[in-house]
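# Structural overview for review
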Amino acid sequence: MPSFLSAVSALRAAAEPTRLRLLALLARAELTVGEICEVIGQSQPRVSRHLKLLVDAGLLDRFREQLWVYYRAPASGEGREAVAQLLALVDDHDDVLRRDRRRMEEVIAERGRQAADHLAEINPPKTSDVIDSTIVEELASEPIGALLDVGTGAGHMLQLLGAKATRAVGVDISSDALRLARTKVHGAGLSHCELQRGDMYDLPFSAPLFDTVVADRVLSGAERPLAALAEIARTLKHGGRALVIEDFDLLGAASTTNPISTLREWFAKAGLDVSRVRPVDTEAGHLLVALGRRVARSTAAA
């Protein structure tokens, strides 16, 4: 529950029609200043002033991603709770808000088309119903909790698992991929999912925050796959789970041992206790789904 002073600050910040419109928009998606201006039809200086007031009051988060600065409602904590309470006072079917949402959908769709054009020369990993159902089945034994998707690409794993997560974050090194992921993920109504630019060798989290981490076909092509997997393990809470999907043939070409043995060895060195490595045949090829759990350092060393 917000403190008295923070509640007063939040009420003051939101007590203006345009700022309330901004909260309603940014509770649904991450947008740049330019995109916000397109949606609500106001000048950038005016929009920027409104955004600063909302950020200062803790009602919005601001973050930079290369050339773009994004704004969004907080994904957790007092700020998220305060925004939810404020928006609960507003009629969701208000004509102005409905018009803003329609325009936002158009702006996000155009962003997605532009990002897709930039990524046209890249062949992303193909997914299938078989591998999706396998992933869901492997993780079904306990709650997803806080979810991290490393190498999120277009955000497929967030779309598959995000609705079951208490918090969901997708990380990718490509800003174009993240712009496309925002289009798909937030377009699917998963407003609690966050997208962040980051390097899998140096993930932007200083503490073990996640209950579940997924990495879909990022290790076999990596220069330092063990370092990437160790970094994934670092972000997991004690007892948290890591689910890794890899292409059998590509993994075999990248190592001198059997791909299943390679994954088991990597997991052990990264401090992850392997539950099992499951072969899955799909139209896209032969895949491996490996599930491991973070263990204490002394256990891993033993």
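What counts and how
Residues numbered from 1 in each chain as written. Predicted model: local features only at pLDDT ≥ 70, side-chain atom pairs only at ≥ 80, totals over all residues. Heavy atoms only, no water. Helix = DSSP H or I, 4+ residues; strand = E, 2+ residues; numbered from the N terminus. Rg over C-alpha atoms; globule rule 2.2 N^0.38 Å. Buried < 20%, exposed > 50% of the residue type's maximum accessible area, 1.4 Å probe, protein only. Contact = heavy atoms within 4.5 Å. Areas by Shrake-Rupley, 256 points an atom, 1.4 Å probe, with all protein chains shown as cover. Lys, Arg positive; Asp, Glu negative; His and termini not counted. Charge placed at Lys NZ, Arg CZ, Asp CG, Glu CD. Pairing = 2+ DSSP bridges. Axes fitted to C-alpha atoms, helices over the stretch in contact; angles between N-to-C directions. Polar contact = N/O pair within 3.5 Å; in protein donor to acceptor, adjacent residues only side chain to side chain. pLDDT = per-residue confidence, 0-100. 1 Å grid on protein atoms, 1.4 Å probe; cavity = no way out; pocket = protein on both sides within 12 Å on 5 of 7 lines; lining within 4 Å. Points joined across faces, edges and corners; volume = space filled by probe spheres on them. Nonpolar A, V, L, I, M, F, W, Y, C, P; charged D, E, K, R; others polar. Salt bridge = Lys/Arg side-chain N within 4 Å of Asp/Glu carboxyl O.

## Quick word on the overall build of the protein
When you go through the protein residue by residue, the secondary structure sums to 13 helices and 10 strands. Against the 2.2 N^0.38 benchmark of 19 Å for 302 residues, the protein shows a C-alpha radius of gyration of 21 Å, consistent with a compact globule. Judged by the C-alpha coordinates and their principal axes, the protein covers about 65 × 45 × 30 Å. With 302 residues in all, the protein has 49% of them scored as buried. Taking as baseline every contact in the protein between residues at least 6 positions apart, the subset at least 24 positions apart corresponds to 69%. Working note: accessible area of the protein is about 14,600 Å², and carbon and sulfur atoms make up 52% of it. Charge separation in the protein, taken as the distance between the mean sites of 37 positive and 41 negative side-chain charges, equals 5 Å.

## Points about the sheet that holds strand E3 (residues 68–72)
Reading across from one edge, E1-E3-E2 is the order of the 3 strands in this open sheet, with antiparallel pairing throughout. If you trace the sheet from one side to the other, it starts and ends with strand E1 (31–32) and strand E2 (61–65), each paired once. Lying on the sheet, helix H9 (residues 175–187) is in contact with E2 and E3; it crosses E3 at an angle near 25°.

## Observations concerning the environment of Arg167
Relative to the assigned elements, Arg167 resides in strand E5 (residues 165–172). The spatial distance from the C-alpha of Arg167 to the C-alpha of Phe210 is 8.7 Å, given a sequence separation of 43 residues. Not counting chain neighbours up to four residues away, the residues in contact with Arg167 comprise Gly145, Ala146, Leu147, His192, Glu194, Gln196 and Leu209. In terms of polar contacts, Arg167 uses its side chain to reach the side chain of Glu194, at 2.9 Å.

## Quick notes on the pairing of E3
Of all 5 residues making up E3, 4 are buried, and the element is well covered by its neighbours. Where E1 and E3 come together, 2 bridges link them in antiparallel fashion. If you follow Leu31 over to E3, its bridge partner there is Tyr71. The pairing of E2 with E3 spans 5 bridges and is classified as antiparallel.

## Points about the confidence of the model for the protein
As a general rule, the predicted coordinates of low-pLDDT regions are not to be interpreted in detail. When the pLDDT values of the protein are averaged, the result is 87; 91% of them are 70 or greater. Of all the helices and strands in the protein, helix H13 (residues 297–301) carries the lowest mean pLDDT, 48, while strand E4 (residues 145–150) carries the highest, 97. In the model, residues 298–302 has pLDDT below 50 throughout and makes 2 contacts with residues more than four positions away in sequence or in other chains.

## Side note on the layout of surface pockets
By volume, the second largest pocket is sized at about 370 Å³. Ala24, Leu25, Arg28, Arg101 and Met104 are the residues nearest the centre of the second largest pocket, which is lined by 20 residues in total. Only helix H2 (17–26), helix H6 (95–118) and H9 provide two or more residues apiece to the lining of the second largest pocket. Of all the elements, H6 adds the most residues to the lining of the second largest pocket, at 6 residues. Each residue belonging to the lining of the second largest pocket can be placed in one class, and the counts come to 10 nonpolar, 5 polar and 5 charged.

## Here's the deal with unusual backbone geometry
One non-glycine residue with positive phi stands out, namely Arg217, at about 55°. Within the fold, Arg217 resides in the loop between strand E7 (210–216) and helix H10 (225–235).

## Looking at the pattern of salt bridges
In a structure, side chains of opposite charge can pair up when their charged atoms sit close to one another. Under the counting rule described, the total for this entry stands at 20 salt bridges. One salt bridge connects Lys52 with Asp56, and the closest N-O pair in it is separated by 2.8 Å. Of the two residues, Lys52 and Asp56 both sit in helix H4 (residues 44–56), 4 residues apart, roughly one turn of that helix. Judged by relative accessible area, which is 52%, Lys52 ranks as exposed.

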